[in-house]
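# What the coordinates show
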Amino acid sequence: MSMNGAEVSYASDSSVRVIKGKGINSAPTRFGLLSIGLGVVCGLCQALIWQEEVLEHTPLIVALLAFVLIVLIQAAVTYFAARQMARNIKALQESTEALAAGNLDAPINVECSCEVGTLADSFRHLVGRLNANLRRKNMIAHSDALTGLPNRAVLTHLLECLAAADMPGSVMFIDLQGFKKVNDAFGYRAGDQLLRDVGRRLARVGFAREISQLEWGVSSFGEFERRPPADLTLARFAADQFVVLLPGVVDVDHCERHAKGVLQALTLPFDIAGTEFTLSAHLGIARVPIDSRDPSEILYFADLAMVAAKTERKPWRFFCSALSDGAIDRSRLESELRQALEHGDIELHYQPQVDIRTGRLCGVEALARWPHRLRGMISPAVFIPIAEQAGLMATLGDHVLRSAVQQCAAWQRAGQPRRVAINISAAQFDDPHFVRDALATIADYGADPHLIEFEITESMAMSDLPAAQQNLIFLREAGVQIAVDDFGTGFSNLSQLARLPFTTLKVDRSLIEGIGCSPKGEVLVKTIVSMAEGLGYTIVAEGVETADQRAWLEAHGCHVHQGFLFAQPMPADQIDQWAQHHSLDGMIGRLQRLSERRPRAPSLALISSAS
C-alpha cells in the first residue's frame, strides 16, 4: 500500500500551493495591473494623438487608426488572458467529471500559478488520497485479515479466470492436523500466531515465494483483473484450512511433489510460547478440467478428497467420482439423521463399568445408537462426524442427556440405582445455559444428581478455563459427578487441570491398547493411575479387551474397567440380566481365587499312609 507515499507527495507540494494565488499570482492583482498598464498606455497615446503638434502633422485617419489599434490590442490581451484561465477551468471541470464518473486515473492537466492552479493542486491531492484509500480498501477486501494471504474471494476469482481462459490447473485443499490441540492448550492468541506462521511457512518453504509474490489477480489499485493467473496462489480458506491453486499443473507427479513440499514445510517445528510443535496435514487434490471446470465444484471436490484422505489416514488423496457418490450418500444420511432426531429414533445403549475387586457393576456409560430402517444399526463413528459438520451436536447431545437421565431415574425407582455416565459435546458445554438446563432436566425426571456423571474432554475444559471452572463447580455443588474423558491424549496443563473439580479420570483406550507392547505407554498409564490416586480421583480404564490388559491394570491399582472383555454396549432392558450373571460369575471367581491362596490341609490318605 502506498498510503505513506501519498502523504509524502501531499507534504512536498504544499510549499508550491502557498505561492500560488498570492501576490502577483492572484487573478485580481494580475487583471488589475493589466488594466492599469493598458490604461496608461492608451492615455499616453491618446494625449499624443490629440496634441496639436501631432494633429498638425498627422492625418486624422491615421490618428483614428492608431486609437483603434491600441483598443484592439488591449482587448486582445485581456481576451487571451481570460481565455487561458477559462481553458484551465474547463480542464479542471473535465477532470472533476471524470473523477465523479469513477475514473480515478484521469490526469488533471492544469498548470497555472493562480488560484485555478491552487484548486487543481487540491484536486490532485484529493485524487491521490482517494486512490490510496481505495487501494487499501481493495487490498483489505481481498486479503485474509489474520495471515495476510489472499482470501476466498481472490481464490474464486482466479478459478473463474482459469476456467474462462480454458486453462488447466489443480486445486490443493490443505487441512491442518494438530492445530486445535495447540489452540485449546495455549489459547486463541497462540492459535492465531500459529496460523500466521503456517501461512508464511507454506509460502516460503512449501512454494519458495513471499506472500507478496503470490498471484492475487488484482490491479495496482486492488481491483480484480479478467486475465488467467500467471502464477500459483495460496489462500486461507477457513479456520485451519488453506487452498493452493496451481495453474498449468495437472500431472500426478507434479501435484505430488507440491504435496510433499507442503507436508515437509509443516514438519519443521513451530515455536509457540516457548514450546516447539510440529503439525501435519491432510491434502485433497482436484484438477481442472479433468474433474470439473466449475470453480465452486472443483473446490468442493478438493474438499471431498481431503476428507477421504483424513478418513483413510493418507497424507493426500486425488478426487475421483466415487468420492462424489459418497458425498451424495453422506448428504442423504445427514437429512435422515435430522429426521431421526426429530422423531426420537436415536437410541441409547449402555456399556457396563465393572469393579474387578468385587466383580460388580459400578456404573454404565450411555452411548448413542442409530437403528436405521434400511441400513441397520449405524455406528457412532459414522453419524457423529455427520452431526458435527451439520451442526446437530447440540440437538443430539440434548437428546442423549434427557434419555440417559430418564433411564437413570427409572432404575432408581425400580430399586436398582446405577451411576450413568453421559458424554457432553463441546456444543453443549459452550452453551451459557447448559448448567441450568442440565440441572433442570435432572430435577424434571427426579433422578439423583449423585448418580449422574458428565464426561467432558480435556480440550473442552481447557478452552475457556474460567468459564469451565465455574460451570463444573455449579454441577459439583448440585451433586453431579464429573469425569475427564480420553485422558492422556491432549496437551492439558496439569496444574490448571488439577484446579477443576473432577471426580473421575478415564484413561484413553489408545493407552490401554499399548499395554504389553509399549513400555512407554505402560509408564504413562502407571503415572496417570498414581496421579489419580494422589488427587483422590476414581480411575476408569476404557477399552479393556484382553485378560492380560485386565491383569496388568489390576496389578497396578486400576480397578474399574470398561471394555469388550466384559460387555459390549446393550439396551437398558438387558443391563439387569447382565449384572446378575456377571455378579454371580464374579462371586465364583473370587471363591476360586481365595481357595487357591489358602494352604491346603493334608488329605486323609496321606495321613494314613504316614502312620
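What you see is a predicted model; the values in this text were computed from it and never measured.

Definitions and limits used
Counting starts from 1 at the beginning of each chain's written sequence and moves along it residue by residue. Only residues with pLDDT of 70 or above have their local features reported here, since the model is predicted, and side-chain atom pairs are shown and tallied only from 80 upward, although totals for entire chains, interfaces and linings are computed over all residues. With hydrogens and water stripped out, all remaining heavy atoms of the structure feed into the side-chain values. Secondary structure elements are defined from DSSP: runs of H or I of at least 4 residues count as helices, runs of E of at least 2 residues count as strands, and each element is numbered from the N terminus. Each residue is placed in one exposure class: buried if its accessible area under a 1.4 Å probe, protein chains only, is under 20% of its type's maximum, exposed if it is over 50%, and partly exposed if it falls in between. Residue contacts follow a heavy-atom distance rule, with two residues in contact if any of their heavy atoms lie within 4.5 Å. Surface accessibility follows the Shrake-Rupley procedure with a 1.4 Å probe radius. Residue values consider only the protein chains on display as shielding. Pairing between two strands requires that DSSP report at least two bridges joining them. Whenever a helix is involved, its axis is fitted only over the stretch in contact; in every case the axis is a line through C-alpha atoms, and angles between N-to-C directions fall within 0 to 180 degrees. Each angle gets one of four labels, with under 35 degrees taken as roughly parallel, over 145 as roughly antiparallel, 65 to 115 as roughly perpendicular, and the rest as oblique. Handedness of each helix crossing follows the sense of rotation of the near helix against the far helix: counterclockwise by less than a right angle gives left-handed, clockwise gives right-handed. Residues are grouped as follows: Ala, Val, Leu, Ile, Met, Phe, Trp, Tyr, Cys and Pro are nonpolar; Asp, Glu, Lys and Arg are charged; every other residue, Gly included, is polar. Expected span of a helix: the number of residues minus one, times 1.5 Å. Here a polar contact is taken to be a pair of N or O atoms separated by no more than 3.5 Å, where protein atoms must pair a possible hydrogen donor with a possible acceptor and residues adjacent in sequence count only if both atoms sit in side chains. What is meant by a nonpolar core is a set of buried Ala, Val, Leu, Ile, Met, Phe, Trp, Tyr and Cys residues, joined one to another through side-chain atoms within 4.5 Å.

Next up on the list: the overall build of the chain. When its secondary structure is counted, the chain shows 23 helices and 16 strands. With 611 residues in all, the chain has 43% of them scored as buried. Here the contacts in the chain between residues at least 6 apart in sequence split such that 68% fall between residues at least 24 apart. Here the chain has roughly 31,800 Å² of accessible surface; of this, 56% comes from carbon and sulfur atoms.

Here we take up the sheet that holds strand β7 (residues 316-318). Here 5 strands make up an open sheet; going across it, the order is β2-β3-β1-β6-β7 and the pairing mixed. Looking at which strands have only one partner, the edges of the open sheet turn out to be β2 (233-238) and β7. Across the sheet, the axes of successive neighbouring strands diverge by a mean angle of 20°, strand direction being ignored. Inspection of the sheet shows β2 paired to strand β3 (residues 241-247) by 5 bridges, in the antiparallel sense.

Running from N to C, helix α8 (residues 188-207) and helix α9 (residues 252-267) point in directions that differ by 130°, and their axes come no closer than 9 Å. By the angle between their directions, the pair α8 and α9 is classed as oblique. Crossing handedness for the pair α8 and α9: right-handed. Seen from α8, the contacting residues are V198, R201, L202, V205, G206 and F207; seen from α9, they are H258, G261, V262, A265 and L266. In terms of residue class, the contact of α8 with α9 is made up of 7 nonpolar, 3 polar and 1 charged.

Our focus in this paragraph is helix α6 (residues 152-164). Taking 1.5 Å per residue, 13 residues should reach 18 Å; α6 reaches 18 Å between its end C-alpha atoms and fits that length. Among the residues of α6, V154, L155, H157, L158, L159, C161 and L162 are the ones counted as buried. One side-chain oxygen at the N-terminal end of α6 lies 3.2 Å from the backbone nitrogen of A153; it belongs to N151. Once α6 ends, the next one or two residues include D166, with phi positive near 55°.

Right, let's talk about the nonpolar core for a bit. In this structure, L337, Y350, V420, I422, F454, F502 and L553 are the most contacted members of the largest nonpolar core, which totals 78 residues. Per element, the largest residue contribution to this core is 9 residues, and it comes from helix α13 (residues 393-413). Those residues within four positions of I422 in sequence are excluded, and the remaining contacts are V400, L401, A404, V405, I452, E453, F454 and E455. Residues F173, L304, M306 and A308 belong to the second largest nonpolar core, which totals 61 residues.

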